[in-house]
Structure formats: C-alpha cells, structure tokens
Amino acid sequence: MKIIMDKILIVGPASQILGVRIARELGIQCINTETKTFPDGENYLRINIDDETLIEGKEVIIVQSTGPSSNGNQNTRLFELFMMIDSIKRMLASKVIVVIPYLAYARQDKIFRPGECQFADVVLRIIDSMQIDELYVVDVHAPEVLQELIVNKVVNIDSMKLLADYIKSLGASDIVVVSPDKGAVERSKAFAKHFGENVKVNVFEKKRDVKTGEITMSGNLSLKNKDVVIADDIIATGGTMANAIKISKEGGANKIYAVATHALLLQQAKYRILNAGADEIIGTDSIDNEASKVSLAKAIADYLK
Ligand code: R5P
C-alpha cells in the first residue's frame, strides 16, 4: 500500500485500536505516544519520535478518546489530549486535526442543581483555546454544546447506520427500537429508520434523582415477540439499560440488544445489563473494550479524506 507522506496520525493512549485502524484506512503513517505518571501524580506524554522535523509542515491528525478505562480516567485522557495538541503545535504542524471519538464531560451540559458548573462548555473552551484547525467528535451527548466553538470546522459524526448494520447482520427481525428516555427520542427515531421506514419507536419515561442518581422507569409493554433494540448514546453504569431491558422483557420481547455508541461499561454494568435479560451489548470502538463490535474507523477516515 502506498503511504501518503504529507499527513501523519498520532495515536493517543486511549485510542490505540481505532487510531491504527483510521491510519490504515487513510494509508498514512501512524505514530504512538509514550506516557507515564510522575510520583506526584502529574501526567507526562511525549510523541514517540526522535526527529521533530518529521512533524514540521505536515497535516497531523490526533486521535484520542477521553473515556475512562482501566489505565486512565477521563481527566488523564483529557490532559494527554492537551499534551498531544501542544506538542504537535510546538513542532509546527501545518494543520492540526483532532478526533475525539468519546468526549468526556459532555453530559455536564446543563445546570441541574444550584451551584453546579457547566463543565462540558469548559472542556470545549480549553480545546478551542489551543487553536486547532478541525475537530471531529462522535454522537456527542448534547450536540448543542458544539455550537459555541470557534474552531473552523467541527463535525459530530453519526454512528447510527454502522450500529444498525451490525444488528441487522445478527439476523434481528420484527424490530422495535426503544428510547430509554425522552432525551433520546430524536436519536432513536433516526436510528429506527435504518431498520426500515415503518419500524416503531417505543419511548420509555426515565426519571433520575439528581441527588442520588437513582433511576425509575416506565414504558409501553406491547413488545410481544419483537426483537428490541434499546438505543442510547452512552452506557455508563448500565442502570438506564437494565431498567429498559426489564420493562422490555415484561412486555414479551424476544431478543434484546443493548446498544450505545459509547459503551463505557463502568462498575457492574455488564452484569446488570446481561442479568436483566439482554442478549448482547453492542458499542463502537470509541471505547476499547469487549463491547466494541462496530468500528468507526472507515466513517471517520471518510470525513478526513
Ligand atoms: C443520559 O442522559 C445518557 O444518555 C445515558 O442514558 C446515561 O449516561 C446512561 O447512564 P447509566 O448507564 O449509568 O444509566
């Protein structure tokens, strides 16, 4: 394969698989980073190169997800991202393109209780202040947060067709899409269209206690013999999914697929979801884990070409 020389991709520590896949799709060189944590807890990152002129004048794509994982929480991931951007800018790249497959803090987009901070905006303001040229994110929790950005080009990539194609490949039939809360309705409606024009969306009602985080849910129970696809943007602790699965089971669902672009699967999420009755947990490689069954690489590479 011919390697394109004027573009380089830097694979962040949180996007090792997806980063390499995107570089392959684009046919460009891919460089890793070296990271450590100092004894005082500060993060360290360097781009793994010996000659900085390799970066000078090049178009550089940085791929770093900012989800928590076994070897880095989202704060570490964000700091690593800032460090990568700063190194690449200092080495005089001609263009800095940043891909953040999962954007941390995106759920803190509103004030729910007095005294809170709207931290999603703060994270984006920091990225903006680093004067990058283009920003690509995937299925951001509340895309409105991107509107204030001054960076020249911002793209929120949609993973729904990819996820739907995967579910269809499993042989799912007579599908109903369940939206686990009202906030996910528009997304679920758009998702349902990928399964067919007449595929129904059942909207469940979710209430989350803003102090304890506890969830209560209710919903329509007419799901007899249907294959149910429960679609959300994020699976964190699995509480939302487990509740929706339980209702779907009570409603007579046949197969149940728990689907999210970003399956973080924190704490007991896997147990909660599978034990509630899901047949499969499906996510994308915005997060590197066992649910990453759908790759975003081609979709992201197509935008970057
Ligand atoms: C919230 O509005 C999100 O869209 C998800 O529903 C939520 O993050 C899922 O969290 P958990 O898995 O902890 O219920």
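Residues numbered from 1 in each chain as written. Predicted model: local features only at pLDDT ≥ 70, side-chain atom pairs only at ≥ 80, totals over all residues. Heavy atoms only, no water.

## Things to note about the overall build of the protein
- Broken down by element type, the protein carries 8 helices and 16 strands.
- By the compact-globule yardstick of 19 Å for 305 residues, the protein fits well, its C-alpha radius of gyration being 20 Å.
- Taken over the C-alpha atoms alone, the protein extends approximately 65 × 50 × 35 Å along its principal axes.
- The buried share of the protein, reckoned over its 305 residues, is 51%.
- If you take every contact in the protein between residues at least 6 apart in sequence, the share linking residues at least 24 apart comes to 64%.
- Accessible surface, the protein as shown: approximately 14,600 Å² in total, 48% of it carbon and sulfur.
- Each charge class in the protein can be summarised by its mean position, and for the 37 positive and 40 negative side chains these summaries are 5 Å apart. (Helix = DSSP H or I, 4+ residues; strand = E, 2+ residues; numbered from the N terminus. Rg over C-alpha atoms; globule rule 2.2 N^0.38 Å. Buried < 20%, exposed > 50% of the residue type's maximum accessible area, 1.4 Å probe, protein only. Contact = heavy atoms within 4.5 Å. Areas by Shrake-Rupley, 256 points an atom, 1.4 Å probe, with all protein chains shown as cover. Lys, Arg positive; Asp, Glu negative; His and termini not counted. Charge placed at Lys NZ, Arg CZ, Asp CG, Glu CD.)

## Some details on the site of the ligand
- With respect to spatial proximity, 14 residues lie near the ligand, and among them R107, D232, D233, T237 and T240 are the closest.
- A distance of 2.6 Å is found between an oxygen atom of the ligand and a side-chain nitrogen or oxygen belonging to D232.
- A distance of 2.8 Å is found between an oxygen atom of the ligand and a backbone nitrogen or oxygen belonging to G238.
- Surface burial for the ligand is 89%, taken as the share of its 370 Å² of free accessible area covered by protein chains.
- Those elements that place two or more of their residues in the shell around the ligand are β11 (205-208), β13 (227-235) and α6 (239-250). (Near = heavy atom within 4 Å. Polar contact = N/O pair within 3.5 Å; in protein donor to acceptor, adjacent residues only side chain to side chain.)

## Brief notes about the nonpolar core
- I10, I47, I55, I62, I88 and L135 are the most contacted members of the largest nonpolar core, which has 41 residues in total.
- Sorting the residues of this core by element identifies β1 (4-11), β4 (43-47), β5 (59-63), α2 (74-90), β6 (95-100), α3 (119-129) and β7 (134-138) as the ones contributing at least two each.
- The biggest single contributor to this core is α2, with 6 residues.
- Residue assignment places this core across two domains, with domain 1 (4-158 + 296-304) and domain 2 (160-285) each supplying three or more.
- If sequence neighbours within four positions are ignored, I10 has contacts with I31, T33, I47, I55, V60, I61, I62, V63, M84 and I88.
- I230, I256, A278 and I281 belong to the second largest nonpolar core, which has 24 residues in total. (Core = buried A, V, L, I, M, F, W, Y, C linked by side-chain atoms within 4.5 Å. Domains from an automatic or database assignment.)

## What to know about the pattern of salt bridges
- Going through the model one piece at a time under the given rule, you end up with 19 salt bridges.
- The salt bridge partner of K7 is E59, with a shortest N-O separation of 3.8 Å. Within this pair, whereas K7 is found in strand β1, its partner E59 is found in strand β5, the two being separated by 52 residues in sequence.
- For K7, a relative accessible area of 17% puts it in the buried group. (Salt bridge = Lys/Arg side-chain N within 4 Å of Asp/Glu carboxyl O.)

## Description of the environment of K270
- Residue placement: K270 occurs in helix α7 (residues 269-276).
- Look past the residues within four positions of K270 in its chain and what remains in contact with it is L265, I281 and E290.

## Things to note about unusual backbone geometry
- In the Ramachandran plot, D139 falls in the positive-phi region, its phi being about 35° despite a non-glycine side chain.
- In this fold, D139 is placed in the loop between β7 and β8 (153-157).

## As for α6
- Its 12 residues give α6 an end-to-end C-alpha distance of 17 Å, which sits within 8% of 16 Å, the value for a rise of 1.5 Å per residue.
- Among the residues making up α6, those that are buried are G239, T240, M241, A242, A244, I245, I247 and S248.
- Elements in contact with the buried residues of α6: β9 (175-179), β11, β12 (215-218), β13, β14 (256-263) and α7.
- Immediately downstream of α6, the backbone of G252 shows phi near 90°, a positive value. (Expected span 1.5 Å × (residues − 1).)

## A look at the pairing of β1
- For β1 and strand β2 (residues 28-31), the ladder comprises 4 bridges, and the chain directions are parallel. Looking at the pairing, I8 lines up with Q29 of β2.
- The parallel pair β1 and β2 is bridged by helix α1 (residues 16-26), and the resulting crossover is right-handed.
- Strand direction decides the pairing type here: β1 and β5, joined by 5 bridges, are parallel. Across the sheet, the residue bridging to I10 is I62, located in β5. (Pairing = 2+ DSSP bridges. Right-handed = clockwise from strand over helix to strand, strands pointing away.)

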